[in-house]
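Notes for the structure review
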2 protein chains.
Amino acid sequence: MKEGPDIARVAALLGDPARANMLTALMSGRALTATELAQEAGVTPQTASSHLAKLEAGQIVTPRKQGRHRYFTLSGPDIVEALEVLMGIANRVGHNRVRTGPKDPELRKARVCYDHLAGDMGVALFDGLAKRKLIASDLNGVALTPAGIDFASEFGIDLDGLRAKRRPLCRECLDWSARQSHLAGSFGAALLDRFYDLGWARRVTDSRIVRFSNAGEKSFRDLINP
Amino acid sequence: MKEGPDIARVAALLGDPARANMLTALMSGRALTATELAQEAGVTPQTASSHLAKLEAGQIVTPRKQGRHRYFTLSGPDIVEALEVLMGIANRVGHNRVRTGPKDPELRKARVCYDHLAGDMGVALFDGLAKRKLIASDLNGVALTPAGIDFASEFGIDLDGLRAKRRPLCRECLDWSARQSHLAGSFGAALLDRFYDLGWARRVTDSRIVRFSNAGEKSFRDLINP
DNA sequence: TCAATGCTTCGATTAGCATCGAACTATGAA
DNA sequence: TTCATAGTTCGATGCTAATCGAAGCATTGA
């Protein structure tokens, strides 16, 4: 009938509430089992199975069999990007769920959102970088300032390497718990990696929690509030 | 129920074939009337009206009243980006419509796809830049090489200005007629703008056709095949 | 005023699909 | 082998939403 790639097929796959919930859960970057995804989506395992079959057929998720579990992950960075963009639009047009966010105080404080820092410290990072004028945000989104570009190389981040990827460098991502923006995109992810490398923080296994050491948190505070 | 922005609402709006066709048509950047969009989508005006009401309520499109017509445009650059990303995914997973592309030979040769160059010359531009190693594409997508960055400034393109926008610099976009990649993203758009400024080409009014002058086409050939 | 065009609202029909209960397969543990 | 857990398939149900015909506004032009 019409020309071009079939957007509708892909978008329809993301457009069901149950499936969207599953995919959102997978944005944590962790591989989740079918049952876990069923719980995340609030549906029965049968229903989840049917949804997962569709997502798999559409190459939105990739399954990996391990013992009697099937672990699912998002099938590529383009899926992450699509979800991030859609989140941004949903945020802009005010389609937000009423929800307070995670209960666990450690989760509220610092956790990973796919591959970047979220939670109170994620928001603090965004605000801190903005206050130091290393990033600037306007109607069109957020971007590194010239000062921010200098900062990145001083801080040990290879911007040219990041630019080689398809993902945009900077993106705002609405924080589920704090309801404010934190920094996503490949630069946001690189910052968190750098925190790991510097020993400031580490990821708690089997959880989205990011735990800063005392010294690491101090350095972090100095970074955002010099 | 769940946390976060409501992806599903937005994605569902893009996930209907009729609506997706309308939105794809609007990627040309031109404002289209309700009846035109109905034709593009292959539905009756009544059905189109109902779809447009939903898209308007979801702030995906913006109407502008003029006389007895209602002109619709995409409501922001984030919508364009979402459509581009979804096209990329649909392309990757092989969800393409079977269709040869536009019939008009001039359309096949050079036209705008939203705001960048498409058609045979769009594909030639992509290939030429790749052959000159000004852009490099891999699994993750396409990006400017260091040589490409130098080229851009020599050619009069303000990369820092482009980076300040939310849109990614480079993106592959599957060409509807040639079935090969051409260059989208803010850099792709800037290149086309530069062609206009240099007098190489101009846009035919009320059409997506881009018409190169003889001298312009020669310069274009020299550019991509030095 | 009348007619034509652009677009929307109403109502009825239809089709697709999300959902779940129940039964089935597969892996692992006792 | 037997039991338990993880996951899928099947079938039935019910809801939502896309679709279009017909009628209703609104704007423009004669």
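As a convention, each chain's residues are numbered from 1 in the sequence order in which they are written. Naming scheme: in the order in which they are written, chains are lettered from A and ligands are numbered from 1. Local features in a predicted model are, by the rule used here, given only for residues with pLDDT of at least 70; side-chain atom pairs are given and counted only at 80 or more, and totals for whole chains, interfaces and linings are based on all residues. Hydrogens and water molecules were not included; the side-chain quantities draw on all heavy atoms of the structure.

As for the overall build of chain A
Tallying secondary structure elements over chain A gives eleven helices and eleven strands in all. With 226 residues in all, chain A has 55% of them scored as buried. In chain A, the proportion of contacts linking residues at least 24 apart, taken out of those at least 6 apart, comes to 58%. Only the protein chains shown count as covering a residue, and every accessible area follows the Shrake-Rupley method with a 1.4 Å probe. Within the structure as shown, chain A displays about 9900 Å² of accessible surface, and the carbon and sulfur contribution to it stands at 51%. Put simply, DSSP marks the helices as runs of H or I at least four residues long and the strands as runs of E at least two long, and each gets a number from the N terminus on. Remark: exposure states derive from per-residue accessible area (1.4 Å probe, protein chains only) relative to the maximum for the residue type, with buried under 20%, exposed over 50%, and partly exposed in between. Contacts are assigned to residue pairs with any non-hydrogen atoms lying within 4.5 Å of each other.

Some points on the protein's contact with DNA strand C
For this description, a residue counts as near a given molecule or strand if any of its non-hydrogen atoms is within 4 Å of it. Around DNA strand C, a shell composed of 20 residues is seen, among which Gln46, His51 and Lys54 of chain A together with Thr35 and Arg70 of chain B lie nearest. Looking at DNA strand C alone, sugar and phosphate atoms form 69% of those within 4 Å of the protein. Polar contact criterion, stated in full: a pair of N or O atoms within 3.5 Å, where within protein one must be able to donate a hydrogen and the other to accept it, and residues adjacent in sequence count only if both atoms are side-chain atoms. The separation between a phosphate oxygen of DNA strand C and a polar side-chain atom of Lys54 of chain A is 2.5 Å. When contributions to the surface near DNA strand C are tallied by element, the ones reaching two or more residues are helix 2 (17-26) and helix 4 (45-57) of chain A together with helix 3 (34-41), helix 4 (45-57) and strand 3 (69-74) of chain B. In terms of residue count, the dominant contributor to the surface near DNA strand C is helix 4 of chain A (four residues). Along the lines of polarity and charge, the residues of the surface near DNA strand C split into four nonpolar, ten polar and six charged. Gly falls in the polar group here, along with every residue not listed as nonpolar (Ala, Val, Leu, Ile, Met, Phe, Trp, Tyr, Cys, Pro) or charged (Asp, Glu, Lys, Arg).

As for the protein's contact with DNA strand D
Residues in contact with DNA strand D amount to 20 residues; listed here are only the nearest, Thr35 and Arg70 of chain A together with Gln46, His51 and Lys54 of chain B. Protein-proximal atoms of DNA strand D, defined as those within 4 Å of the protein, fall in sugar or phosphate at a share of 67%. For DNA strand D, a base nitrogen lies 2.6 Å from a polar atom in the side chain of Gln46 of chain B. The separation between a phosphate oxygen of DNA strand D and a polar side-chain atom of His51 of chain B is 2.5 Å. Contributions of two or more residues to the surface near DNA strand D are made by helix 3 (34-41), helix 4 and strand 3 (69-74) of chain A together with helix 2 (17-26) and helix 4 of chain B. Element by element, the count of residues in the surface near DNA strand D is highest for helix 4 of chain B, at four residues. Among the residues forming the surface near DNA strand D, the class breakdown is four nonpolar, ten polar and six charged.

Brief notes about helix 8 (residues 146-154) of chain B
Residues and elements named next belong to chain B. Three or more residues of helix 8 are buried, namely Gly148, Phe151 and Ala152. Taken around the axis of helix 8, the buried residues stretch over an arc of 100°, which confines them to a single face. Turned more than 90 degrees away from the buried face of helix 8, the exposed residues are Pro146, Ser153 and Glu154. Note on helix 8: the residue one or two positions beyond its end, Gly156, has a positive phi of about 90°. This arc is built from the directions going out from the helix axis to the C-beta atoms.

Things to note about the packing of helix 2 of chain A against helix 3 of chain A
Residues and elements named next belong to chain A. Fitting a line to C-alpha atoms yields each axis, with helices limited to the stretch in contact; the angle taken between N-to-C directions then spans 0 to 180 degrees. Viewed as axis vectors pointing N to C, helix 2 and helix 3 meet at an angle of 115°, and their least axial separation amounts to 8 Å. Where helix 2 crosses over helix 3, the handedness of that crossing is right-handed. The segment helix 2 lies against helix 3, with Ala18, Asn21, Met22, Ala25 and Leu26 engaging Leu37, Glu40 and Ala41. When the residues that make up the contact of helix 2 with helix 3 are grouped by side-chain class, the tally is six nonpolar, one polar and one charged. Handedness of a crossing follows from how the near helix is turned relative to the far one, being left-handed for an anticlockwise turn of less than a right angle and right-handed for a clockwise one.

A short note on the sheet that holds strand 1 (residues 32-33) of chain A
Residues and elements named next belong to chain A. Taken together, three strands build an open sheet; the order of strands is 1-3-2 and the sheet is antiparallel. In this open sheet, the two edge strands, each paired with only one partner strand, are strand 1 and strand 2 (61-66). Note on pairing: two strands pair once DSSP finds at least 2 bridges between them. One ladder, built from two bridges, connects strand 1 with strand 3; its direction is antiparallel. Looking across to strand 3, one finds that Leu32 is bridged to Phe72. Helix 2 contacts strand 1, strand 2 and strand 3 of the sheet and is inclined by roughly 85° relative to strand 3. Along the sheet, helix 4 makes contact with strand 2 and strand 3, crossing strand 2 at roughly 115°.

Some points on the pairing of strand 3 of chain A
If a strand is regular, its side chains alternate between the two faces of the sheet. Residues and elements named next belong to chain A. Two strands pair when backbone bridges link them, and strand 2 and strand 3 are joined in this way by six bridges, in the antiparallel orientation. Counterpart to Arg64 in the pairing with strand 3 is Tyr71. The antiparallel hairpin formed by strand 2 and strand 3 contains two residues in its connecting segment, where Gly67 sits at a positive phi of about 65°.

Quick notes on the sheet that holds strand 3 of chain B
Residue and element names in this part refer to chain B. Spatially, 1-3-2 is the arrangement adopted by the three strands of the open sheet, whose pairing is antiparallel. Lying at the two open borders of the sheet, with one neighbouring strand each, are strand 1 (32-33) and strand 2 (61-66). Packed onto the sheet, helix 4 meets strand 2 and strand 3 and runs at close to 115° relative to strand 2.

Thoughts on unusual backbone geometry
All names here are of chain B. Despite not being glycine, Gln59 shows a phi value in the positive range, around 55°. Inspection of the secondary structure assignment puts Gln59 in the loop between helix 4 and strand 2. Of note in the backbone geometry, Lys133 takes a positive phi value of approximately 60° without being a glycine. Here Lys133 shows up in the loop between helix 7 (120-131) and strand 6 (135-138). With relative accessibility at 61%, the residue Lys133 sits in the exposed group.

Notes on the pattern of salt bridges
Just to be clear on terms, a salt bridge is a Lys or Arg side-chain nitrogen sitting within 4 Å of an Asp or Glu carboxyl oxygen. If you walk through the whole model with that rule in mind, you get 16 salt bridges over all chains. For Arg171 of chain A, the salt bridge identified is with Glu81 of chain B, shortest N-O distance 3.0 Å. One end of the pair, Arg171 of chain A, is in strand 8 (residues 171-174); the other, Glu81 of chain B, is in helix 5 (residues 77-92), on a second chain. Both residues of the pair, Arg171 of chain A and Glu81 of chain B, belong to the buried class. For Lys218 of chain A, the salt bridge identified is with Asp222 of chain A, shortest N-O distance 3.9 Å. Here the residue Lys218 of chain A and the residue Asp222 of chain A both occupy positions in helix 11 (residues 214-224), the gap between them amounting to four residues, near one helical turn. Among the residues examined, Lys218 of chain A registers a relative accessible area of 54% and is labelled exposed. What you see here is one network of salt bridges that share partners, running through Glu81 of chain A together with Glu84 and Arg171 of chain B.

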